[in-house]
Structure formats: structure tokens, C-alpha cells
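Commentary on secondary and tertiary structure
Take a look at the letters that make up each chain.
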Amino acid sequence: MRKGVLAGACLLAVAAAGTALVVLTEGGSTGVAAQSAALVPATAPITRQDLVDTKTVEGSLTYSGERQVASGKAGTVTWVPEEGSIIKRGRSLLKIDREPVVLMYGKLPLYRTLEQGIDDGPDVEQLERNLRALGYDDFTVDDHFSYATYLAVLEWQEDRGLPETGRVDASQVVFLPSAVRVTEAKAAVGARTAPGQQALTVSGLRRLVHVDLDTGDQSLARKGAKVEVELPGGETMAGKITSVGTVAKSAQDGTTIDVDITLAKTPKTRLDQAPVEVELVSERSEDVLAVPVEALLALREGGFGVEVVEGARTRLVPVKVGAFGGGMVEITGEGLTEGMKVGVPSE
């Protein structure tokens, strides 16, 4: 007869895997045969399969590469884009005193005024590549600010309604790696602004999932590991962990690390910070013998066993417990093979 008795600390592993019926065998000895009708309410087969142990954590669907855009000059903000707007090369990030601050693509920030007579440098080439992409091409793209570059800048300034100075500084241009999405407008129309004052929060266009992962679960997050993400509405999508933070942050219930996940395809929803669920894989065991977790019996002498059913009789076989996953548990024990029947509680 099965009895619902806890078997000490060994049961913690079973409890962690899910709800299981854990019992102590009557008599406590192994290899005892008895009538199965009295001992085994139901049976399940020993199977050979892969086991994957998972844990579901909460995350949010957001955009990559969030950063701040600061004003490059003093004045009155006369236009800001709506939140969610996409700003591409050559378009205005905002306007101050009705003059645009223009987005151009590049990794280098605009750290000096670009004009004739300055030293050659990659920032000059970066500007020239953008001018060429915008249709101004009567110059050679290199690291030298030539007279031809000066003329191209004048033409660009005239077309954009900027003061025609032939030089470019932070009051006119912001260099960012690519097109951006406006996450938040920090500067309101009519507000005064000054150089260095935060004006916009922007991000990249690539969607990703961000998880504030409890530091106790950091072993679950391995860069390159595959995950499953459940999006708002129930859609499930594959993803891959692309970034794992190395610095713990304080949270309400402890400490967390940042984990970013790239999705296999672009989700339909455009909502920012939408809640999602992420299934992380903590352990994978391949081609192992497995039984339902509830088939485990806690032995009086310690450890676990399963009750093997052979016709009208049963015998108790001690087992070593391995990985858990999907309600199943890996077992190894003398004489156990795929297809054998083991006792389980009735439903």
C-alpha cells in the first residue's frame, strides 16, 4: 500500500520538478513481490527520451539600443516628433528656433565643428558619406574637408533651412548608428533648451525581449541559448539569448541581471514594454530512461525507487534520479529497460 510520507531532504529535488506523489514502501525492503491489484492503482511505461528542464520567467517586449539625444544649442523647442515615430537619415530629430537638428548615420559622435582647415579624420569621412547618401556628390569621400565638401555642406544647409555657414556642428547634426524610433520626447514644444540638455529618448528598430533575471537563476541564461517566448495574445516565437549582464542590479525582491533576447522574426505587435513570458532551458539530458515523477517512491532507508509491475506481481527497484523535465524524471536502476511498467497513482 502507498502512503503519503515525506522522505526528508531528498524530496526537495522532486518538489522542485513539480507535484509528485511521494511514498514510503511498506516493509522498506527491495525485491519484495506482491499482488499488483492491491499495490498499484495504475501503471505507466518506462520510456527512452530526451528530457528538457525549463523555467518560465517574465520579460518585456521592447526595442534595441536605447539612448539619449541631447540638444546641441540654446533656444526654444518648436517641434518634436511623436512617440513611436521612425526617424531616418536626413530627417529632423527636433527643431529649435524652427531650425532642424538632423539625423545622420555614424558611430562617431560629432565632437568638433567640421569645416575647412580642420585636421583630416574619420569624422570628416563620416559626414561626407552621409552627404553622398543624401544626394550631394560633387566631392571625393575621404577624410579631408575640401572646398568641394564645403560647397556640398552649403547646398545641404540651404535645402534644410539651416544657416548657410559651410560648417557643421552639434547644433545641426546628431550622428547615430542607424534609423531610430522615438521612445520618449523629453523636450516639450515651447520649452527652453540648452546644449547638453536631454531632448529625446530613442532606440533602434530591432525588436527584442528584455528580462530582469533573478541572480539566483543566472545559470539559466547562457549567451546563444535558444528560448521560447510567449507574446501578448498567446503567440509563441523562438528566440536566442544575445546578451547577459555581468553587473547585478537592486530590485524590489532582491537582485537581478539584464538578459536580452533576439526574436527569430519580427512580432506583429508594435507595443513597447508589452509583457511576455520566456521559457528558459536549465538542463537537457538526451536518450535517457524516464518515468512520470509521481512514479518515484521514497524508500525508508533513503533514496528513491520505482515499483515495477510484471504481470500480477510487483517488485521494488531502487533508482538513481537524474534530470527532470515535462513532468518526467530520468532514472537508472538495475535491470530497468524501456517498455517496463511501473506503478503510478490513479488519476
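Anyway, here's the lowdown on the structure attached to this text. (Residues numbered from 1 in each chain as written. Predicted model: local features only at pLDDT ≥ 70, side-chain atom pairs only at ≥ 80, totals over all residues. Heavy atoms only, no water.)

This part is about the pattern of salt bridges. The final tally for this structure, using the stated rule, is 10 salt bridges. The partner of Asp-212 in a salt bridge is Lys-249, with the nearest N and O atoms 3.7 Å apart. One end of the pair, Asp-212, is in strand S13 (residues 207-214); the other, Lys-249, is in strand S16 (residues 249-251), with 37 residues separating them in the sequence. Taking the shortest distance from any N to any O, the salt bridge between Lys-249 and Asp-258 comes out at 2.7 Å. Members of the salt-bridge network, linked through shared partners, are Asp-212, Lys-249 and Asp-258. (Salt bridge = Lys/Arg side-chain N within 4 Å of Asp/Glu carboxyl O. Helix = DSSP H or I, 4+ residues; strand = E, 2+ residues; numbered from the N terminus.)

This next bit is on helix H4 (residues 147-160). Over its 14 residues, H4 runs 20 Å from end to end, which matches the ideal 20 Å to within 8%, given 1.5 Å per residue. Looking only at H4, the buried set comprises Thr-149, Ala-152, Val-153, Leu-154, Trp-156 and Gln-157. Each element contacted by the buried residues of H4 is listed here: strand S8 (99-105), helix H3 (122-133) and strand S9 (173-176). Positive backbone phi, approximately 75°, marks Gly-161, located one or two places after H4. (Expected span 1.5 Å × (residues − 1). Buried < 20%, exposed > 50% of the residue type's maximum accessible area, 1.4 Å probe, protein only. Contact = heavy atoms within 4.5 Å.)

Next up on the list: H3. For H3, spanning 12 residues, the distance from its first C-alpha to its last is 17 Å, which sits close to the expected 16 Å at 1.5 Å a residue. Among the residues of H3, those classed as buried are Asp-123, Val-124, Gln-126, Leu-127, Glu-128, Asn-130 and Leu-131. Buried residues along H3 sit in contact with S8, H4 and S9. Just downstream of H3 lies Gly-135, where phi reads positive at about 105°.

Right, let's talk about the environment of Ser-171 for a bit. Its place among the elements puts Ser-171 in the loop between H4 and S9. With a relative accessible area of 17%, Ser-171 lands in the buried category. In this structure, the C-alpha to C-alpha distance between Ser-171 and Lys-95, residues 76 residues apart in sequence, is 10.0 Å. Here Ser-171 is in contact with Gly-72, Lys-73, Pro-100 and Val-101, once residues within four sequence places are set aside.

Walk down a regular strand and you will see the side chains alternate between the two sheet faces. Within S8, five of the seven residues are buried, which leaves the element mostly enclosed by the surrounding structure. Pairing of strand S7 (residues 92-96) with S8 involves four bridges; the strand directions are antiparallel. By the bridge assignment for S8, Lys-95 is matched with Pro-100. Taking the residues between adjacent antiparallel strands as the criterion, S7 and S8 are bridged by two residues, where Asp-97 takes a positive phi near 55°. In this sheet, S9 lies alongside S8 in parallel orientation, the contact comprising four bridges. Opposite Leu-103, over in S9, you have Val-174 as the bridge partner. (Pairing = 2+ DSSP bridges.)

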